[in-house]
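# Observations on the three-dimensional arrangement
Single-letter residue listing:
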Amino acid sequence: MNPKPYGVNELREMFLSYFESKGHLRLPSFSLIPQNDQSLLLINSGMAPMKPYFKGEVEPPRRRVCTCQKCIRTGDIENIGKTARHGTYFEMLGNFSFGDYFKHEAISWCWEFLTKVVGLDADRLYPSIYENDEEAFEIWNKEIGIAADRIFRFGKSDNFWEHGSGPCGPCSEVYYDRGEKYGCGSPDCKVGCECDRYMEVWNNVFSQFDNDGQGNYTELAQKNIDTGMGLERLAVVCQDVNSLFDVDTVMNITNKVTALTGASYGQSVKTDVSLRVITDHIRASTFMIADGVQPTNEGRGYVLRRLLRRAARHGKLLGVNNPFLYEVVETVIAENESHYTYLRERAAHIIRVVKTEEENFARTIDTGMRIFNEKLAAHKAEGKTVFSGADAFLLSATYGFPLDLTVEMVEEEGMSVDMEEFNRQREEDKLRAREARKALGDLGWAGIDLGLENGGTEFVGYTENTCEAKVLAVCVGEEVCGSIAGGEKGILVLDKTPFYAEMGGQVADFGTITMGDSVFTVNNVQKDKGGKYLHYGVLSAGSIKVDDVVCASIDVERRNAIRRAHSATHLLQKALTTVLGDHVHQAGSLVLPDRLRFDFTHYSAMTAEEMAQVDAIVQSAILEGYGIDTREMPIDEAKALGATALFSEKYGDTVRVVNMSGYSIELCGGTHLDNTAKIGPFRIESEGSVASGVRRIEAVTGKECLSDMAKNRELIYGVCAQLKTKPGELADRIRSQMEEVKDLKRIIEGFKAREAAGEVDRFLFGSRNVSGVKVLTAAIDGADANKLRQMGDMLRDKEPAVAAVLSSVNGEKVTFLAVCGKEAVAKGIKAGDLVKLVCTACGGSGGGKPDSAMGGGKDATKVDNALALVDDFVVSKLN
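First, a word on what this report is: a plain description of the structure on this page. Because the structure is a prediction, the values reported are computed rather than measured.

Here the focus is the overall build of the protein. Helices and strands together make up the secondary structure of the protein, namely 24 helices and 35 strands. The C-alpha radius of gyration computed for the protein amounts to 37 Å, which surpasses the reference 29 Å derived for 879 residues by more than 25%, pointing to a less compact arrangement than a globule. With respect to the three principal axes, the spread of C-alpha positions in the protein is 120 × 80 × 50 Å. Each of the 879 residues in the protein was classed as buried or not, and the buried ones make up 47%. Taking the intrachain contacts of the protein between residues at least 6 apart in sequence as the baseline, contacts between residues at least 24 apart amount to 68%. A total of about 40800 Å² of accessible surface is found on the protein, and carbon and sulfur atoms cover 49% of it. Of the charged side chains in the protein, 103 are positive and 127 negative; the average position of the first set lies 6 Å away from that of the second.

Written out as structure tokens, the structure reads:
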């Protein structure tokens, strides 16, 4: 009996509702961009965002949690579309217990959901356990009632989850028998076979041990449950379809692709692969862009770019040469917006990013094809059968030409790519990038185990500039210690602080931490995963130790300058949205004292008129003197106000809202003024591109702007003094001076022309008549190429029968120019032949047209001998 063919969206809601009924808190999917996790480029499992809860770094919102997590995996991207199992984007259903329930409940609920809620046939379900997990066996056998011969035991590689040292434990999976039509036909086919008959639909991970990294396991005091079930896999089973590409929501996307490309699904293996690749990649790309990923050449941005370009290439294989992926985005959104409602809000942005990347790739692939064909022709001419790995890397790294496309086209020519050399080039490139990152420095102390209980530093800096605090920890060097002495660099951790830690694009506060005569000068502040503020600095004198009560004071003048820049940043974003459109979103920022850098999504350089409009809007908002109200509120209330949020940020139930009298409302944790008028002067310094589809504006405010204005004023007065004029008359005076300079240049050019004409006449007067051709040679040392051309043109225009060679020596550089009039050319004397003659004599080369040719030589000592060859050459040609 087959189960009811539930759709993907139905199954997701069924799972989450079921576990809510078991006391689980339903959390929305975390962003695909990992938060505070440098080990991942993109979230690749349901458990990945939960790591801080499992590690005890952060208190979970509840001991029981359930999610449907968006995931991206690209490790086997080459297999996408070729198999029924591989996809880059998928959703992982998960129920989690953080020290609450364990195996009994996890297994019981797993079975109840699959058999009672979804309605899978119990006789077609087969559990597997870790070979030594007798507890799990007893539960499956005695409590659930599964016969012993239907419970499969597998070894450590299959049914024991661990990743180096730390929490780990056995797994118990559930397989569904899809029937013989999906099998391999082998009489030994059973659970664990590589064919598609027995599909894993559920995996319970029982995190019950701690691995010390040496193979020694001890029982954890707090045992956890980590359950993972692929949503699309469950849909494959329920809908009884061949693969994840055939489930309802995914197939609807494929149908849109077939409509746009004219290709038919099931027409051929090659066509089906391309349709699946396009479907999978545009699905993944839509969610990545919605979560704030932008196409770039590194990190997660490169993953996105590779997916979009790979999809576009498969479009070309189907005969589509114009952008079309952006038209599929609407279908992806329509199939998923019932659960991921934010997709509709960000539709215009997603479509714009996809279309721009497609257009850019169209230009890239054309350039890449030309360069590839040149390289391929060179390899063939040399009789090579292996395409250079260095050339393949050049195409990939410099021109964005996909390696897989290079490999495919090379194989079509009966050749192969030297992958060893390609990988070596790539590793060398990575090494250069790593060295560059090292040069920027890092936060070596940020990963120190401070030995403190959970609970962060209390931040009082929104309202206080100074506070008393207790020292919780001291670090000197890379060690946690009890105290710090005068002259030492280190870190102080306090129970509360007025110092803002660097985050959200805003730099940290500077200031001092004092106790009597002991002064610790703070020059950096970072916040660790546990919420503790790490104050970096130097103790100038005295000593400070753990449990001391100190006075922490920020540099107020610096903080106010940062406030000015941060509040101005909000006004700038509002102005950009007003002038350019709603597609503008923040893509990064840096807030410094009275200086700001704002990156935003936009797809062309701003015009001078747009820049002026943005500047005027910001200035007007400053002069309006909008009151700035900053307060915390529930996320739903903030959304109701229309607060702007960052795509890539993960917000809690309570958020901090910066409201500039309703003019600009943003979610922001930074420090701000209480009135826009206090920003003072504002000036945009520059606008430019930082990545495809991302622009950057740099601006100054407050005292920094006043300082720049003072420098400019001093410069203007200095120029006025030199030109003997006033500031109000400076522009007219400069225009007048420029006109005078132009007039003088014209006079000088006239003199030069008359001088050149005189020289031409002297050259022609001294020419030799050889059978009606006037042959002449002349050395004009110090003349540049332009002067030689000018004189050559005058000779040719004045005397139709001339055959002349002029030379010039500038240092070690030798230049030759040959010209021939119409009559000389008619008699067979060509400038190209003459210039080759003299250049070769000087160890160089040259060429050109019959009436004019230019070249160079390498040996200046042979110029006279070279010119002496011209007469005999002309005589021999004419005779």
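There's plenty left to go through after this.
It is worth spelling out the pairing of strand β29 (residues 694–701) at this point. In terms of burial, β29 is largely enclosed, as six of its eight residues are buried. In this sheet, β29 lies alongside strand β28 (residues 682–691) in antiparallel orientation, the contact comprising eight bridges. From the neighbouring strand, G688 faces β29, where its bridge partner is R696. In this structure, the hairpin formed by β28 and β29 is closed by a connection of two residues, where G693 is found at a positive phi of approximately 80°.

A word on the nonpolar core. Among the nonpolar cores identified, the biggest contains 108 residues, and F113, L114 and W202 are the most heavily contacted of them. Looking at this core, the element that brings in the most residues is helix α8 (residues 269–290), giving ten residues. In contact with W202, not counting residues within four places along its chain, are F15, F19, N95, C110, F113, L114, S172, E173, V174, T227, G228 and M229. Judged by nonpolar contacts, the second largest core, of 31 residues, contains L580, V618, I679 and A699.

Two side chains of opposite charge can pair, provided their charged atoms sit close to one another. Counted by the stated rule, this structure contains 48 salt bridges. The salt bridge involving R344 is made with E337; its shortest N-O contact spans 3.0 Å. The salt bridge partner of K375 is D391, with a shortest N-O separation of 3.7 Å. Here D391 lies in helix α13 (residues 389–399) and K375 lies in helix α12 (residues 347–381), a separation of 16 residues in the sequence. Judged by relative accessible area, K375 falls into the partly exposed class, the value being 25%.

Here we take up the pairing of strand β16 (residues 489–494). Along β16, five of the six residues are buried, which leaves the element largely enclosed by surrounding structure. In terms of strand pairing, strand β13 (residues 466–476) meets β16 through five bridges, oriented antiparallel. Bridge pairing links C475 to I491 in β16. The pairing of β16 with strand β20 (residues 533–541) spans five bridges and is classified as antiparallel.

The next subject is the sheet that holds strand β34 (residues 845–848). Strand order in this open sheet of six strands is β30-β31-β32-β33-β35-β34, and the pairing throughout is mixed. Either end of the sheet is taken by a strand with one partner, and the two such strands are β30 (768–770) and β34. Strand-to-strand twist of the sheet, defined as the mean angle between neighbouring strand axes without regard to direction, takes the value 15°. Sheet topology note: the β34/strand β35 (residues 852–857) ladder contains four bridges and is antiparallel. Among the inter-strand pairings, S845 is bridged to a residue of β35, identified as G856. Seen against the sheet, helix α21 (residues 785–798) touches β31 (773–779), β32 (802–810), β33 (813–820) and β35 and runs at an angle of roughly 165° to β32. Lying on the sheet, helix α24 (residues 863–878) is in contact with β30, β31, β32 and β33; it crosses β31 at an angle near 170°.

Our focus in this paragraph is the packing of aromatic side chains. Applying the stated criterion across every chain yields a total of 31 aromatic pairs. Arranged with centres 6.4 Å apart and planes meeting at 80°, the rings of F19 and W109 form a pair that is edge-to-face. Residue F19 is located in helix α1 (residues 8–20), and its partner W109 is located in helix α3 (residues 103–117); the two are separated by 90 residues in the primary sequence. With 6.3 Å between their ring centres and 75° between their planes, F209 and Y217 make a pair best called edge-to-face. Overall, Y217 belongs to the partly exposed group, its relative accessible area being 31%. Put simply, the rings of F15, Y18, F19, Y101, W109, F113 and W202 pair up and form one aromatic cluster. For the cation-ring pair, R153 lies above F137, with the distance from its terminal atom to the ring centre recorded as 4.8 Å.

The three strands are arranged β25-β26-β27 in an open sheet whose pairing can be described as antiparallel. Of all the strands in the sheet, just β25 (628–634) and β27 (664–667) have a single pairing partner and so form its edges. Neighbour to neighbour, the strand axes of the sheet diverge by 25° on average, direction disregarded.

Another point: unusual backbone geometry. Where the residue is not glycine, phi is negative for most of them; where a peptide bond is considered, it is trans in most cases. Phi is positive for K724, which is not a glycine, with a value near 55°. Tracing the sequence through the fold places K724 in the loop between α19 (702–723) and α20 (730–765). For K724, a relative accessible area of 74% gives the class exposed. Positive phi is not limited to glycine here, since S771 has a value of about 55°. With respect to the element layout, S771 can be found in the loop between β30 and β31.

Looking at D391, the relative accessible area reads 16%, which means it is buried. Apart from residues lying up to four places away in sequence, D391 is in contact with K375 and H379.

To continue, consider the side chain of S808. As for its placement among the helices and strands, S808 is situated in strand β32. One polar contact links S808 to N810, side chain to side chain, over a distance of 3.5 Å. What S808 contacts, discounting residues up to four positions off in sequence, is I780, D781, G782, A783, L788, K813, V814 and T815.

Moving on to the packing of helix α7 (residues 248–261) against α8. How two helices pack is summed up by the angle between their axes together with the distance between the axes. As a packed pair, α7 and α8 sit with axes 9 Å apart at the nearest point and diverge in direction by 115°. For the crossing formed where α7 meets α8, the hand is right-handed. Residues V250, I253, T254, V257, T258 and T261 of α7 lie in contact with α8, whose contacting residues are L275, I278, T279, I282 and R283. Taken together, the residues of the contact of α7 with α8 break down into six nonpolar, four polar and one charged.

Right, let's talk about α7 for a bit. Given a rise of 1.5 Å per residue, 14 residues ought to cover 20 Å, and the 20 Å separating the end C-alpha atoms of α7 matches this to within 8%. Tucked inside the fold, the buried residues of α7 contact α1, α8 and α10 (325–336). Looking at the residues trailing α7, positive phi occurs at G262, about 80°.

What follows is about helix α6 (residues 231–239). Counting buried positions along α6 gives eight out of nine residues, so the element sits mostly inside the fold. Buried within α6 we find L231, E232, L234, A235, V236, V237, C238 and Q239. Backbone geometry just downstream of α6 places D240 in the positive-phi region, at approximately 50°.

Moving on, we get to the packing of helix α16 (residues 556–580) against helix α17 (residues 608–624). Two elements in contact, α16 and α17, have axes separated by 9 Å at closest approach and are oriented at 135°. One finds that α16 runs oblique with respect to α17. For the crossing formed where α16 meets α17, the hand is right-handed. Within the contact between the two elements, α16 uses L571, L572, A575, L576, T578, V579 and L580 and α17 uses E610, Q613, V614, I617, V618, A621 and I622. Across the contact of α16 with α17, the residue classes break down as eleven nonpolar, two polar and one charged.

Reading the values: the criteria
Residues numbered from 1 in each chain as written. Predicted model: local features only at pLDDT ≥ 70, side-chain atom pairs only at ≥ 80, totals over all residues. Heavy atoms only, no water. Helix = DSSP H or I, 4+ residues; strand = E, 2+ residues; numbered from the N terminus. Rg over C-alpha atoms; globule rule 2.2 N^0.38 Å. Buried < 20%, exposed > 50% of the residue type's maximum accessible area, 1.4 Å probe, protein only. Contact = heavy atoms within 4.5 Å. Areas by Shrake-Rupley, 256 points an atom, 1.4 Å probe, with all protein chains shown as cover. Lys, Arg positive; Asp, Glu negative; His and termini not counted. Charge placed at Lys NZ, Arg CZ, Asp CG, Glu CD. Pairing = 2+ DSSP bridges. Core = buried A, V, L, I, M, F, W, Y, C linked by side-chain atoms within 4.5 Å. Salt bridge = Lys/Arg side-chain N within 4 Å of Asp/Glu carboxyl O. Axes fitted to C-alpha atoms, helices over the stretch in contact; angles between N-to-C directions. Phe/Tyr/Trp six-rings, centres within 6.5 Å; stacked < 30°, edge-to-face > 60°. Lys NZ or Arg CZ within 6 Å of the ring centre and 35° of its normal. Polar contact = N/O pair within 3.5 Å; in protein donor to acceptor, adjacent residues only side chain to side chain. Left-handed = near helix turned anticlockwise from the far one by under 90°. Nonpolar A, V, L, I, M, F, W, Y, C, P; charged D, E, K, R; others polar. Expected span 1.5 Å × (residues − 1). Parallel < 35°, antiparallel > 145°, perpendicular 65-115°, else oblique.

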